[in-house]
Amino acid sequence: MRPTQIPKTYRVKSFGCQMNVYDGDRMAELLAEQGIQPAAEGEDADLVVLNTCHIREKAAEKVYSDIGRIVKDWGREDGSSPLIAVAGCVAQAEGEEIMARAPAVKMVVGPQAYHRLPEMLRDAAAGKRVTDTDMPAETKFGALPKRRRSGPTAFLTVQEGCDKFCTYCVVPYTRGAEVSRPNADLIDEAKRLVESGAREITLLGQNVNAWTGENAKGQPIGLDGLIRELAEIPDLARIRYTTSHPNDMTEGLVAAHGEIGKLMPFLHLPVQAGNDRVLKAMNRSHTVESYLRILEQVRAVRPDIALSGDFIVGFPGETDAEFEDTLKLVDAVGYAQCFSFKYSPRPGTPAATMDDQIPLAVMDERLQRLQTTLNRDQYAFNKASIGKTCDVLVERKGKHPGQWLGKSPWLQSVHFTGEAQVGDLVTVELTEAGPNSIAARLLDTVTA
């Protein structure tokens, strides 16, 4: 793309968490408002937005690798080059460094400033290199366009930022303090998503259950109150939320799992470790006992709940015995799904400078053992589901003729063959379990 020329096509590539997926979709909507179209499959885009995540190991280096690949693969005969923008958490944390190391990058925009993309784009198209990593007091959401498109499932960010300051985490530094979006704005956005085709909405936040707001009467409500209002939207069939913090798992939210039929029987509640000393070093505000007590309360009101979590192995100072405590916790809970990672020091976090950093070989061995145990439990949960009848939300076609893919209420991937279409809620019988998915038989009932 030549200077002073506004791009005609774009591609947004999002990494990491579901909130990044949401942000990527909103950036795409912003660009579409400017008349810029998504690039066709297999074609170069005039504008490439790398929407980055800073949680994973070597996140910044992967960004530079992607930038180099884009420049190398750009194959237009006229000698033009793409306009490259780096957005997201790596942009927030390392914006100046990106500009210094990667001359091909024309824009750097943090996760709280991407609503300014259109004006930044005009500056970049005029030949300027522009950076915006401010965290303004006013929310960006009021500047974003109204939601106009959706698939059968949609994400809705209700809360951003974090005040917990876990010692391993960069989120408070890249996303800022906890901020809750107004209740009325969320209800309006949810209705627009449903009008454009969404049957299931997943509420997102760094600490989604820390969300607070006011209802139409001015009364304070928490996430359970928001879920209750969303459940009143007639054509919305399913509600989920992620990611939660044990400290914000209120009695009202626990009760909602037993009282709201549209709230799916799935809870992602990260614990991170199974030893109290390690949890304290992580600055987690819960203990193993308090965490297990929450799970007992949820299971009491919703016995079929599927539980999910996050684990970090090899946190600085973690001993073999403390890691064994994590395995004991996993055995005690019986997770349906889980995410597990090796500890990775993030620059600027307290844990990065702690003594007793664990050797990589030790972390590798521990992670393998943990994942073997978690995979065992996921497979066991899937096998225990065989014979159940449930609704599946059809999300897309499968690889084989007549095959469809969707999710069970417990967030399992389900595949079946028969007459259906994307967006249907179909009734199936679960017939065969695999480690990562379940085969099903389509029954007669189809709910549009």
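The structure displayed is predicted, hence computed values, not measured ones.

## Quick word on the packing of aromatic side chains
Evaluated as defined, the whole model comprises four aromatic pairs. Relative to Tyr173, the ring of Phe165 lies with its centre 5.8 Å away and its plane at 75°, an arrangement referred to as edge-to-face. The exposure class of Tyr173 is partly exposed, given its relative accessible area of 41%. Between Phe315 and Tyr343, the ring centres sit 5.5 Å apart and the planes meet at 70°, which makes this aromatic pair edge-to-face. Here Phe315 is found in the loop between β15 (306-313) and α11 (320-333), whereas its partner Tyr343 is found in the loop between β16 (337-342) and α12 (360-384), with 28 residues between them in sequence.

## Some points on helix α1 (residues 18-33)
In this model, α1 (16 residues) spans 23 Å end to end at C-alpha, consistent with the 22 Å of a helix rising 1.5 Å per residue. Along α1, the positions that sit buried rather than exposed are Met19, Asn20, Tyr22, Asp23, Gly24, Arg26, Met27, Ala28, Glu29, Leu30 and Leu31. Positive backbone phi, approximately 85°, marks Gly35, located one or two places after α1.

## Some thoughts on the pairing of strand β10 (residues 200-204)
For β10, a buried count of five out of five residues is recorded, marking the element as mostly surrounded by other parts of the structure. Taking every second residue as pointing to the same face, both faces of β10 are buried, with Glu200, Thr202 and Leu204 on one and Ile201 and Leu203 on the other. Here strand β7 (residues 153-157) runs beside β10; their pairing, made up of five bridges, is parallel. Residue pairing for β10: Ala154 is matched across the bridge by Ile201. Summarising the sheet, β10 and strand β13 (residues 238-242) pair through five bridges and their orientation is parallel.

## Here's the deal with the nonpolar core
Buried together is how nonpolar side chains tend to be arranged in soluble globular proteins. Counting 89 residues, the largest nonpolar core has Met107, Leu203, Tyr241 and Tyr335 as the members making the most contacts within it. Per element, the largest residue contribution to this core is six residues, and it comes from α1. Every residue in contact with Tyr241, bar those within four places of it in the chain, is listed here: Thr202, Leu203, Val208, Leu223, Ile227, Met249, Leu253, His257, Leu263 and Leu267.

## Regarding helix α3 (residues 89-101)
The first and last C-alpha atoms of α3 sit 17 Å apart over 13 residues, in line with the 18 Å expected at 1.5 Å per residue. The largest bend in α3 comes to about 85°, at Gly95. For α3, the set of buried residues is Cys89, Val90, Ala91, Gln92, Gly95, Ile98 and Met99.

## Comments concerning the packing of α11 against α12
When two helices pack together, you describe them by how their axes are tilted relative to each other and by the distance separating the axes. Contact geometry for α11 and α12: axes closest at 10 Å, N-to-C directions at 10°. It follows that α11 is roughly parallel to α12 by the angle criterion. Contacts between α11 and α12 involve Asp320, Phe323, Glu324, Thr326, Leu327, Val330 and Asp331 on the former and, on the latter, Arg366, Arg369, Leu370, Thr373, Leu374, Arg376 and Asp377. Partitioned by chemical class, the residues of the contact of α11 with α12 number five nonpolar, two polar and seven charged.

## Regarding the sheet that holds β10
Spatially, the three strands line up as an open sheet ordered β7-β10-β13, and their pairing is parallel. Looking at the sheet topology across the chains shown, the edges are occupied by β7 and β13. In this sheet, adjacent strand axes meet at a mean angle of 25° when their direction is disregarded. Across the sheet, α1 touches β7, β10 and β13, and the angle it forms with β7 is around 95°.

## Regarding the state of the cysteines
Between two cysteines, a covalent bond joining their sulfur atoms is known as a disulfide. Throughout the structure, instances matching the rule amount to zero disulfides. Among the cysteines around Cys89, which has no disulfide bond, Cys53 carries the closest sulfur, lying 6.2 Å off. With no disulfide of its own, Cys169 lies closest to Cys166 among cysteine sulfurs, the gap being 6.2 Å. By relative accessible area, Cys169 is classed as buried at 15%.

## Focus on the sheet that holds strand β1 (residues 9-14)
Taken together, six strands build an open sheet; the order of strands is β2-β1-β3-β4-β5-β6 and the sheet is parallel. Because the sheet does not close on itself, it has two edges, and the strands there are β2 (37-38) and β6 (130-132). Of the pairings in the sheet, the one linking strand β4 (residues 83-88) to strand β5 (residues 105-109) comprises four bridges and is parallel in character. The residue bridging Ile84 from the neighbouring strand is Val105, located in β5. On top of the sheet, α1 reaches β1, β3 (47-52) and β4; it is set at about 170° to β1, its chief contact. Relative to the sheet, α3 contacts β3, β4, β5 and β6, its axis offset from that of β5 by approximately 140°.

## Observations regarding the side chain of Arg26
Among the secondary structure elements, Arg26 is positioned in helix α1. In this structure Arg26 comes out as buried when scored by relative accessible area, which is 2%. At a separation of 2.6 Å, a polar atom in the side chain of Arg26 contacts the side chain of Glu29.

## Observations concerning the pattern of salt bridges
Two side chains carrying opposite charge are able to pair once their charged atoms lie near each other. Scanning all chains against the criterion turns up 26 salt bridges. Arg302 is the partner of Asp304 in a salt bridge, and the nearest nitrogen-oxygen pair spans 2.6 Å. It is possible to trace a salt-bridge network through shared partners that takes in Arg26, Glu29, Arg181 and Glu189.

## Observations regarding the environment of Thr131
Structurally, Thr131 is set in strand β6. Each C-alpha atom, one on Thr131 and one on Val86, is 9.5 Å from the other, the two residues being 45 residues apart in sequence. In this view, Thr131 contacts Met99, Val108 and Met120; residues no more than four positions away in its chain are not counted.

## Things to note about the environment of Glu33
Relative to the helices and strands, Glu33 resides in helix α1. Owing to a relative accessible area of 42%, Glu33 belongs among the partly exposed residues under this scheme. Separated by 278 residues in the primary sequence, Glu33 and Phe311 have C-alpha atoms spaced 40 Å apart.

## Considerations on the side chain of Arg181
Residue position: Arg181 is located in the loop between β9 (179-180) and α6 (183-195). Judged by relative accessible area, which is 7%, Arg181 ranks as buried. A distance of 3.3 Å separates polar atoms of two side chains, one belonging to Arg181 and the other to Tyr22.

Cut-offs applied
- Residues numbered from 1 in each chain as written.
- Predicted model: local features only at pLDDT ≥ 70, side-chain atom pairs only at ≥ 80, totals over all residues.
- Heavy atoms only, no water.
- Phe/Tyr/Trp six-rings, centres within 6.5 Å; stacked < 30°, edge-to-face > 60°.
- Buried < 20%, exposed > 50% of the residue type's maximum accessible area, 1.4 Å probe, protein only.
- Helix = DSSP H or I, 4+ residues; strand = E, 2+ residues; numbered from the N terminus.
- Expected span 1.5 Å × (residues − 1).
- Pairing = 2+ DSSP bridges.
- Core = buried A, V, L, I, M, F, W, Y, C linked by side-chain atoms within 4.5 Å.
- Contact = heavy atoms within 4.5 Å.
- Bend = angle between axes of the 7 residues up to and from the residue.
- Axes fitted to C-alpha atoms, helices over the stretch in contact; angles between N-to-C directions.
- Parallel < 35°, antiparallel > 145°, perpendicular 65-115°, else oblique.
- Nonpolar A, V, L, I, M, F, W, Y, C, P; charged D, E, K, R; others polar.
- Disulfide = S-S within 2.5 Å.
- Polar contact = N/O pair within 3.5 Å; in protein donor to acceptor, adjacent residues only side chain to side chain.
- Salt bridge = Lys/Arg side-chain N within 4 Å of Asp/Glu carboxyl O.

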